[in-house]
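Notes for the structure review
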Amino acid sequence: MTNDRTRTSRGRAPDPRRRPRRPSARPLPRAGLQGSEPELITHHVHNGTEPDDPPTVPIIRQRPGQPPRRPRPSTEQDVRKRRWRRIRRIGYVVAGLFFVVPAIAFVITYLAVDVPSPETVAQAQGQAVTYLFSDGTEMGKDVPTGGNRQILAANQIPDVVKKAVIATEDASFETNSGFDVGGILRAAYNQVTGGSGGGSTISQQYIKNASGDDDPTLTRKWTELAKSFKMNQTYEKADIITAYLNIIYFGRGAYGIQAAAQAYFGQDVGQLDYSQAALLAGLIQQPGRSENTAVATARWTTALDRMLKNGYLTPAQRAGAKFPAPIPLVESKQAGALNPFVKKQVKAELAAQGISEQEYYRGGFQVFTTIDSQAQQSAEQAVTEGMAEQTDDRILDALVAVDPKTGGVLAYYGGDPVVKGPNGEDQAGRDWADEPHNPGSSMKPFDLAAFLKLGRGLDARFDGTSPRTFPGVDLPIRNAGDSSSCSDQCTVAEAMQRSTNTVFYDMVLNVTKPSGVAEAAQEAGVRTKDNGGRSELFTGDNNISIGGGGTQVTPADMATGYATFAAGGVQRERHFVQKVTNANGETAYEAKSRSTDAFADNDAARSAQIAGNVTAALAPVIQFSRLTCPAGHECAGKTGTQQHTPQNDEPASAANANAQTWMVGYTPSVSAAVWVGSDGDKALRSPTGAPIFGSTLAGPIWDRFMQLYLQGKPAERFDRVAAISSPVDQVQVQQPPQQPQQQQQQQQRDPRNQNQQAQPGNRQQQDQLRQFQQRLQELQDRQRNRNGGTNNGNTTGNNTTGNTGTGNGNDSGQSGDPDPGGG
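For the structure given in this document, a descriptive report is provided here. (Residues numbered from 1 in each chain as written. Predicted model: local features only at pLDDT ≥ 70, side-chain atom pairs only at ≥ 80, totals over all residues. Heavy atoms only, no water.)

A short note on the pairing of strand 19 (residues 636-643)
- With eight of eight residues buried, strand 19 is to be regarded as a mostly interior element.
- What you see with strand 19 is no split at all: Ala636, Lys638, Gly640 and Gln642 on one side and Gly637, Thr639, Thr641 and Gln643 on the other are buried throughout.
- Where strand 19 meets strand 20 (residues 658-667), eight bridges bridge the pair, whose relative direction is antiparallel. Across the sheet, glycine 640 pairs through a bridge with tryptophan 662, a residue of strand 20. (Buried < 20%, exposed > 50% of the residue type's maximum accessible area, 1.4 Å probe, protein only. Helix = DSSP H or I, 4+ residues; strand = E, 2+ residues; numbered from the N terminus. Pairing = 2+ DSSP bridges.)

Remarks on the pattern of salt bridges
- Considering all chains together, one arrives at 22 salt bridges under this definition.
- Between glutamate 435 and arginine 430 there is a salt bridge; the shortest N-O distance is 3.2 Å.
- Here arginine 430 falls in the partly exposed class, since its relative accessible area comes to 38%.
- Counted as one network, the salt bridges with shared partners bring together Lys344, Arg430, Asp431, Asp434, Glu435, Arg534 and Asp679. (Salt bridge = Lys/Arg side-chain N within 4 Å of Asp/Glu carboxyl O.)

Focus: the sheet that holds strand 3 (residues 129-132)
- The sheet built from five strands is open, its strands ordered 4-3-8-16-17 with mixed pairing. At either end of the open sheet lies a strand with only one pairing partner, and these are strand 4 (138-142) and strand 17 (587-590). Averaged over neighbouring strand pairs, the angle between their axes works out to 20° when direction is ignored.
- Taken together, the three bridges between strand 16 (residues 577-581) and strand 17 define a ladder with antiparallel strand orientation. (Axes fitted to C-alpha atoms, helices over the stretch in contact; angles between N-to-C directions.)

Considering the packing of helix 3 (residues 159-169) against helix 9 (residues 274-283)
- Relative orientation of the contacting elements helix 3 and helix 9 amounts to 40°, with a least axis distance of 9 Å. One element, helix 3, and the other, helix 9, form an angle in the oblique class. Judged by the twist between their axes, the crossing of helix 3 over helix 9 is right-handed. Contact residues: Val160, Val161, Ala164, Val165, Thr168 and Glu169 in helix 3; Tyr274, Ala277, Ala278, Ala281 and Gly282 in helix 9.
- The residue makeup of the contact of helix 3 with helix 9, split by class, is eight nonpolar, two polar and one charged. (Parallel < 35°, antiparallel > 145°, perpendicular 65-115°, else oblique. Left-handed = near helix turned anticlockwise from the far one by under 90°. Contact = heavy atoms within 4.5 Å. Nonpolar A, V, L, I, M, F, W, Y, C, P; charged D, E, K, R; others polar.)

Some words on the sheet that holds strand 7 (residues 254-255)
- Spatially, the three strands line up as an open sheet ordered 5-7-6, and their pairing is mixed. Lying at the two open borders of the sheet, with one neighbouring strand each, are strand 5 (148-149) and strand 6 (249-251).
- Pairing geometry for strand 6 and strand 7, over two bridges, is antiparallel. Opposite tyrosine 249, over in strand 7, you have tyrosine 255 as the bridge partner.

A few points about the side chain of histidine 644
- Inspection of the secondary structure puts histidine 644 in the loop between strand 19 and strand 20.
- Here the side chain of histidine 644 touches aspartate 681 through a polar contact of 2.7 Å, side chain to side chain.
- When residues no more than four places from it in sequence are discounted, the contact partners of histidine 644 are Glu650, Ala654, Ala655, Ala657, Asn658, Ala659, Asp681, Lys682 and Ala683. (Polar contact = N/O pair within 3.5 Å; in protein donor to acceptor, adjacent residues only side chain to side chain.)

Quick look at the structure:
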C-alpha cells in the first residue's frame, strides 16, 4: 500500500520515471461526503528542467453499498434551452448561406466584372453611318442590319426626354445603387401571381442591352446586378441615363433616342416636346407594337401619369397633353434614304483604305462625300426628263459626272435602285454606272490620244471612204452613213467630227496598234479588271478602235477618262470620299490627292499638249451632233453607238437597230458620261420604232445635265496648246504604185523614221504646220465665241477642213467582224 503523498491522485500509481514529489506545506484536503476531494492542481513549481504534470481529472467513486446515482430529470426549462440552442445553430447556418456567403460572392463578382463604358458599347454595336454632300448637308444614312443608331453626348439630350424615361422606366433611378430591392420583390410577386412588370432598373437594362445577354439564368442576373452596382459606383447618373438612351430600342428599327426621334417624328431629339418624349418613353416596354395605335396611346398615357406623379409635369400640362401622332411608317422608312449605289462605291473605297465593314458600322462615322447636291439633282432630273417618253422597257440608263480638277465624283446615277422582278415583286436594281458596255465611237478619243503620243497630229490624212477592206479582216469596214463618210484624203480632225469608222480602224490597225489604245485609255483613268476595275480593253483584235468586240467600259470610267482630257492631261484618281470622321469628330480617313501626267511620264507640258489636241478635235463634235454647250462654257465631247447583232429569229430590220448609246463630254470643271442601252445585246427602239443613237437620246440627256448644273456658274475656257504635227502627216494616203505596201505600213507604224528622212528645212512643211496651228486656234476661238456670245452656241461655222458643220449625228457603224463596233 502506497502512501498518499507518493501518489498524484487517489487510486493512481506513481510513475516510476518521475521523481518523488517534495512534501507540500499545504494542508491535506478534507474528506467530503464521498471521501476525500481530489487534489486540485492549479500551479506547479518546478526547477525549470521538468515539464508540468498534465491536469488531473477527479474520479468520483461510489461508496461501497450505496445505490447507483441517478441523473437529475430534465425540466421544461432545460428542454426549451436545448430547443433554442438548436434553432440558433440552424439560424447561424442559414444566415451564413443566405447572407454571408452571397455577400462574399458579390464582392468577388464585383471585383471580377468590368462595366461596359458607353464608348465601348458604341464601338461594339452597329451605328448608322451618316453621309454628307460635299457642302456638308446630309445625304442620308446607312443603317446597319440591326437597326439605326446614333450616339449623342449628355448635353445633346434635353431634360424633358430624360425625365420622361426615368419616370416611366425607373422612378428611383436618382437614388438607387443600380438595383432596386423593392422592384425585384415586386417583379417576383408579379411572376408568381401572373401579373406584369419587371424589376430591372435603368442601369440593369443598360447592362443587359450592352452585353446582348438576355438568358433567363441566375448567373446572368447575378452578374447583371454586380455590374449595375459597379456602374453606379463608377459613373455619374447623367452619364448612365445618356448611355441608356443611346442604345435602347424604340421600334421602327431605331436604336437610341436620336434615331427614334427621326423615325417617329422626322426631327432631332432636341426638338421633342414633353408629349412626344412621353410616347417614346412609353414605347420602350413594347417597341414591337409601336404601330398599334391603342397600345401606343396606352403607353403614352402611362408615361404621362408617371411623369405627373414624379413631379416632372404640372397638372395643367398633363391635362393639356395631346397624343403626338407619329409620321407614317412609309415616310419614316423613306426619310434619310441613301442612294444604294453611292453607298456601295463608298464602302468599297473605304475597304480599300483598310476600313472594314465591321469597323465601318462601329465607328459612328460621318462620311463627307464628293457628291455635289446640285449636280446629283441635275443628273436625276436630266435622266427623268430624257427618258420620259420612252416606251421600250428594256432601255436602261446611267449618268456619272467627275470633277477634272480633283477626281471627285460630282454626280452618280446608276439607274433605278428598286425594280420589278419577273413576278412583279420588288427587287434591288443593278448599278448600271458600274457595269461595262461597248463604248462604240466614244472610244475614239483614246485612239487619237495614242496617235498623238506617237507624234502624229490632227492634220494626218487617211482614207475615209466606205466600205474599206483591210488585210486580215474578212469583211469590209463601213461608216454609219453619208454624214460619217469622208474623202480619201480625210484629216483626223474631220474624221473625229464625222465619227468616221474607216479612218480610226486604219489608224489603230496600222499605226497605234490595239495595245496602244488600251494603254492610252488606262493612262486616262479607265480601270480594267487587272487593276481593280470592271472595264475590259480587249487587244486580241482591232475592234477596240471603234469600241466593239470584247472592249467594254463602265460609264464611271468613261467620265474619268474624259476628265483627264478636261484637266489638260493630268489624270486624277476617281474617288467618292473627301474624309471620314468618327463619333468624336476626329478624322478617321482623308483622301489624298493623287495625280499623274497621263500621256507623258514626268512631262506635264507634253501630256497637256496631247490632251489639248484631243479637246480641239472633240469641240466641233458638239455642234455636229446637234448639242450645245452651256452659255459661257467651252465644251467638247463624243457620242457613241454600238450596233445590235441580229439573231436568226429576228426580222431583217433588227440589223439596223442599236444596243448601246453614249454621250461623253466635258468642260474644264465637269466631265459627264451618259449611257443609254440594254442589258446585253438587244435591239432597242424609240417610241416611233426608229433605232436610238448617241446623239438622239444619250446626247440630249447629257446636254440637259450640263445646262442644269452649270447654270449661273462662272464662264470657263480650255487652255490653249500648240498643235502636234509631223512631216509624215503630209504624205498622201495613196502611195506611189512602186512603193510596196509593206514598206508603207512600216512607215506609218514608225513615224520617227519618216521624221529622219524628211528635210527639216523644208519651207513647204513649215508653212503647212503654221497653217494647221492657225486652224486649231481658229477652231478654239470659234468654240469660245459661240458659247460665250449672245447666240448661245447656235452659230454655224466651218470645220477644220472647210466643210459645213452639219450632220444628223448618226454615228452607228458596221464592221465585218461577228461583234461589230460602231460609232
